Amino acid sequence: MSYDIGDTIAAIASAPGGAFRGVVRLSGPDVIRCLVGCFQPHVRTDLRRVRRAQVIRGRLRVVGAVGAVPPLPCQLYLWPTSRSYTRQPVAELHTLGSPPLLDAVLRTLCAAGARLAEPGEFTLRAFLAGRIDLTQAEAVLGVIDAADPRQLDGALAQLAGGVARPIATLREELLELLAHIEAGLDFVEEDIAFVSEQEVQRRLAAAADCAAGLARQMAERGLAGTNVRVVLTGQPNVGKSSLLNALAGRAVALTSHQPGTTRDTVSARLDLDGLECELIDTAGLSVDAPADGPERAARALARTERDRALVQVFCVDAGRPLSNWERAQLAANATCTRLVVLTKADRPRATDLGRPAIATSSRTLRGIGQLRQCLRQAVAQRRDRDEWAVTGPVVAATAARCREG
Ligand code: GDP
């Protein structure tokens, strides 16, 4: 794969599928040369002499199209100098948004000397040219990948400098402090201090707090992934996998009357009326029964999933009395938001929780709608609290990179 920035690259820049308008973009040193052979301006214009960004109407002679195609009317948006997104000559041909026609335009430009751009290569050039920083490059991807309006808001805010801004402010503050300290060192003989020792300590502590807040924000965002994690927990055989299938509306997890059927974690993306979450089914967690090697490993994995989740759905079988383990779990404080659910509520009730719980049945689907509503509320609250509280939103790629860094 070549990323040579000396190449002139071309790609379709509009959304796939038919549309009123389609865009093919070019970037590189030979943009003008590629266009001169195939683009004819309506008003006599020598493209080689254009010095400022401008829009030029004209026609494009496309090659290789099926049958004879008359010259294609298009508008050429031209940035002929380094004052562009990639700091190279850039051009956009705006024409009818027909996929075969745009393919033909792309072929024409490649025949004239351009090569097909790799995915994200225009943004890569903008980044390499210092036009955007890495968090903004990642935000471009975040905008493209956004699964809901909330994620789109977050990515757009990051694109506009959401994370870069607090980091830049922190950097400026530290550089200014350093300049004051160094100036003081130059005049140490004269006993002149530009900033007092207490002031230095106060500002350093504030900067450390700010950096820790940013790091925490990144870590929490990364743990949550792109969606809030919701984990189903409870003893083996209480009906967790059946509940996952009922909530997902399809058979995602294997269910069985044999305890211990679920060993690996199984997950499904759940759309809660426009709000997405990742629902995770774990192996039963109860420690009442001794566990063999794989079973022990499955329980350890389940505990990790539970600890990483922001919302926990604790399942209790309505058809049998509470075990000691369940009693202890219910009495303990949960580290995340916890919903308590009674499963198999189509059977005669044999348990008394002594607290409110959502009664559900995966057989009759009783209570599944109510559980979805409660889940939606819990997921919305966690998203507000955990992802956007400290410094503003960050796309997942940025959070992951900062965590690795
Ligand atoms: P898990 O081990 O907690 O994942 O439990 P499963 O979902 O595999 O279910 C264990 C057993 O309970 C299976 O035999 C299911 O058919 C049964 N079961 C699950 N949900 C219900 C329910 O809502 N009603 C009834 N009557 N049985 C259920």
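Conventions and cut-offs
Residues numbered from 1 in each chain as written. Predicted model: local features only at pLDDT ≥ 70, side-chain atom pairs only at ≥ 80, totals over all residues. Heavy atoms only, no water. Helix = DSSP H or I, 4+ residues; strand = E, 2+ residues; numbered from the N terminus. Expected span 1.5 Å × (residues − 1). Buried < 20%, exposed > 50% of the residue type's maximum accessible area, 1.4 Å probe, protein only. Pairing = 2+ DSSP bridges. Contact = heavy atoms within 4.5 Å. Axes fitted to C-alpha atoms, helices over the stretch in contact; angles between N-to-C directions. Near = heavy atom within 4 Å. Polar contact = N/O pair within 3.5 Å; in protein donor to acceptor, adjacent residues only side chain to side chain. Areas by Shrake-Rupley, 256 points an atom, 1.4 Å probe, with all protein chains shown as cover. pLDDT = per-residue confidence, 0-100. Right-handed = clockwise from strand over helix to strand, strands pointing away.

Across its 13 residues, helix α2 (residues 99-111) extends 18 Å between first and last C-alpha, which sits within 8% of the 18 Å expected from 1.5 Å per residue. Residues of α2 that are buried: Leu101, Leu102, Ala104, Val105, Leu106, Thr108 and Leu109. Just downstream of α2 lies Gly113, where phi reads positive at about 125°.

Attention shifts here to the sheet that holds strand β3 (residues 39-41). The strand order across the open sheet built from 7 strands is β3-β4-β5-β6-β2-β1-β7, with neighbouring strands paired in mixed fashion. One side of each edge strand has no neighbouring strand; the edge strands of this open sheet are β3 and β7 (115-116). In the sheet, strand β1 (residues 9-12) pairs with strand β2 (residues 19-27) via 4 bridges, with the strands oriented antiparallel. If you follow Ala11 over to β2, its bridge partner there is Arg25. Contacts between helix α3 (residues 121-128) and the sheet are confined to β1, β2 and β7, with β1 contributing the most and set at about 130° to the helix.

This next bit is on the site of the ligand. Inspection of the region around the ligand gives 16 residues, with Lys240, Ser241, Ser242, Asp346 and Ser362 positioned closest. Between the ligand and Gly239 there is a distance of 3.0 Å, counted from an oxygen atom to a backbone nitrogen or oxygen. Take Arg363: an N or O atom from its side chain is 3.1 Å from a nitrogen atom of the ligand. Burial of the ligand by the surrounding chains reaches 91%, relative to a free accessible area of 580 Å².

What follows is about the sheet that holds strand β10 (residues 275-281). Across the sheet, 6 strands lie side by side as β9-β10-β8-β11-β12-β13; this open sheet has mixed pairing. At either margin of the open sheet sits one strand with a lone partner, and together these are β9 (266-272) and β13 (358-359). Both strand β8 (residues 228-234) and β10 contribute to a ladder of 5 bridges, which runs parallel. Bridge pairing links Val231 to Ile280 in β10.

Now for the side chain of Glu326. Relative to the elements of secondary structure, Glu326 occurs in helix α10 (residues 324-331). By relative accessible area, which is 0% here, Glu326 ends up buried. The residues contacting Glu326, other than those within four sequence positions of it, are Gln235, Val238, Phe314, Cys315, Val316, Arg320 and Pro321.

Most of strand β6 (residues 90-97) sits out of view: 7 of its 8 residues are buried. For strand β5 (residues 72-79) and β6, the ladder comprises 5 bridges, and the chain directions are antiparallel. For Gln75, the partnering residue across the bridge sits in β6 and is His94.

Of the residues in the protein chain, 75% reach a pLDDT of 70 or more, and the chain-wide mean stands at 80. In this model, residues 387-392 is a region of pLDDT below 50 whose contacts with residues beyond four sequence positions or in other chains number 19 contacts.

Another aspect to go through is the pairing of strand β12 (residues 337-343). Of all 7 residues in β12, 5 are buried; the element is thus mostly enclosed. Here strand β11 (residues 311-317) runs beside β12; their pairing, made up of 7 bridges, is parallel. Of the residues in β12, the one forming a bridge with Cys315 is Val341. A crossover connection joins β11 to the parallel β12 through α10; in handedness this β-α-β unit is right-handed. Alignment of β12 against β13, held across 2 bridges, turns out to be parallel. Bridge pairing in β13 links Val341 to Ile358.

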